[in-house]
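The lines below spell out each chain.
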Amino acid sequence: KQWYQRRVRGGWLTEKEGVYYSWNGTPVPIEQVHFDEDDKPWQSYTEVQKRITGEIALAVASHYRMLNVLGHEDIAPIRKPDPGAAYPIRELTARYVEQSHTTCTGA
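This write-up is about the structure you can find in this document.

Cut-offs applied
- Residues numbered from 1 in each chain as written.
- Predicted model: local features only at pLDDT ≥ 70, side-chain atom pairs only at ≥ 80, totals over all residues.
- Heavy atoms only, no water.
- Helix = DSSP H or I, 4+ residues; strand = E, 2+ residues; numbered from the N terminus.
- Contact = heavy atoms within 4.5 Å.
- Areas by Shrake-Rupley, 256 points an atom, 1.4 Å probe, with all protein chains shown as cover.
- Salt bridge = Lys/Arg side-chain N within 4 Å of Asp/Glu carboxyl O.
- Buried < 20%, exposed > 50% of the residue type's maximum accessible area, 1.4 Å probe, protein only.
- Patch = residues over 30% accessible without salt bridge, like charges linked within 9 Å, V, L, I, M, F, W, Y side chains within 5 Å.
- Pairing = 2+ DSSP bridges.
- Lys, Arg positive; Asp, Glu negative; His and termini not counted.
- Polar contact = N/O pair within 3.5 Å; in protein donor to acceptor, adjacent residues only side chain to side chain.
- Phe/Tyr/Trp six-rings, centres within 6.5 Å; stacked < 30°, edge-to-face > 60°.
- Expected span 1.5 Å × (residues − 1).
- Arc of directions from axis to C-beta.

**A few points about the overall build of the protein chain**
Line of reasoning, step 1. Along its length, the protein chain carries four helices and five strands.
Line of reasoning, step 2. Of all intrachain contacts in the protein chain linking residues separated by at least 6 positions in sequence, the fraction that spans at least 24 positions is 51%.
Line of reasoning, step 3. Surface accessibility of the protein chain: about 7600 Å² in total, with carbon and sulfur atoms responsible for 57%.

The following block contains the structure:
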């Protein structure tokens with residue numbers, strides 16, 4: 001259980017007496033807290049998580065010749081707020097999916 005708790009992003013956090021907690025009750029260091037436009041706290045993703053996700057997205061987008069990637073929040077924003085405000089989906093889409101266009105078209 002401890003291995004899992006250390007490696008999973010907490011998503012939307014709760015705050016109690018100045019300490020932020022993930023969904024599984026694990027305290028989150030303040031430097032890992034990202035506040036969205038409504039000032040709700042989310043646990044930030046690590047650079048490694050963003051890089052690996054981007055590499056996977058590039059491989060999938062290139063293989064299937066995808067032109068765009070959407071998150072649940074793009075389809076059903078009220079019902080599905082994931083990957084969440086701390087996930088830089090626009091930045092990663094621009095960086096990796098646009099690279100796949102070059103791979104797909106050979107441009």
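**Some details on the pattern of salt bridges**
Line of reasoning, step 1. Under the defined criterion, the tally for this structure stands at two salt bridges.
Line of reasoning, step 2. Ionic pairing is found between glutamate 47 and lysine 50, a salt bridge with its closest N-O pair at 2.8 Å. One end of the pair is glutamate 47 and the other is lysine 50, both in helix 2 (residues 47-64) and three residues apart, which spans about a single turn.
Line of reasoning, step 3. The class of glutamate 47 is exposed, set by a relative accessible area of 58%.
Line of reasoning, step 4. Residue class for lysine 50 comes out buried when judged on its relative accessible area of 14%.

**A few points about a nonpolar patch on the surface**
Line of reasoning, step 1. A cluster of nonpolar side chains, Val48, Ile52, Ile56, Val60 and Tyr64, forms an exposed patch at the surface whose accessible area comes to about 470 Å².
Line of reasoning, step 2. Topologically, valine 60 is positioned in helix 2.

**Remarks on the sheet that holds strand 3 (residues 27-28)**
Line of reasoning, step 1. On the basis of which strands lie adjacent, the open sheet formed by three strands has the order 1-2-3 and antiparallel pairing. One side of each edge strand has no neighbouring strand; the edge strands of this open sheet are strand 1 (14-16) and strand 3.

**A closer look at the side chain of aspartate 36**
Line of reasoning, step 1. Examined against the element boundaries, aspartate 36 turns out to sit in the loop between strand 4 (33-35) and strand 5 (41-43).
Line of reasoning, step 2. Despite its burial, aspartate 36 remains without a salt bridge, the nearest opposite charge being carried by lysine 40 at 5.4 Å.
Line of reasoning, step 3. A distance of 2.9 Å separates a polar atom in the side chain of aspartate 36 from the backbone nitrogen of aspartate 38.
Line of reasoning, step 4. For aspartate 36, the side chain forms a polar contact with the side chain of tryptophan 42, separated by 3.2 Å.
Line of reasoning, step 5. Setting aside residues no more than four positions away along its own chain, aspartate 36 makes contact with Trp42 and Ala85.

**Topic: the packing of aromatic side chains**
Line of reasoning, step 1. Within this structure, the stated rule accounts for three aromatic pairs.
Line of reasoning, step 2. Judged by centre distance (6.1 Å) and plane angle (20°), the rings of tryptophan 12 and tryptophan 42 are stacked. Linking tryptophan 12 in the loop between helix 1 (2-7) and strand 1 with tryptophan 42 in strand 5, this pair joins segments that are 30 residues apart in sequence.
Line of reasoning, step 3. The exposure class assigned to tryptophan 12 is partly exposed, which follows from its relative accessible area of 46%.
Line of reasoning, step 4. Looking at tryptophan 42, the relative accessible area reads 9%, which means it is buried.

**Digging into helix 2**
Line of reasoning, step 1. Compared with the 26 Å implied by 1.5 Å per residue over 18 residues, the 25 Å span of helix 2 between its first and last C-alpha is a close match.
Line of reasoning, step 2. Every buried residue of helix 2 is accounted for by Lys50, Gly54, Ala61 and Ser62. Down the axis, helix 2 shows its buried residues gathered within 95° of arc, on one side only. Projecting away from the buried face of helix 2 at angles above 90 degrees are the exposed residues Val48, Ile56, His63 and Tyr64.
Line of reasoning, step 3. Positive backbone phi, at 55°, marks arginine 65, one or two positions downstream of helix 2.

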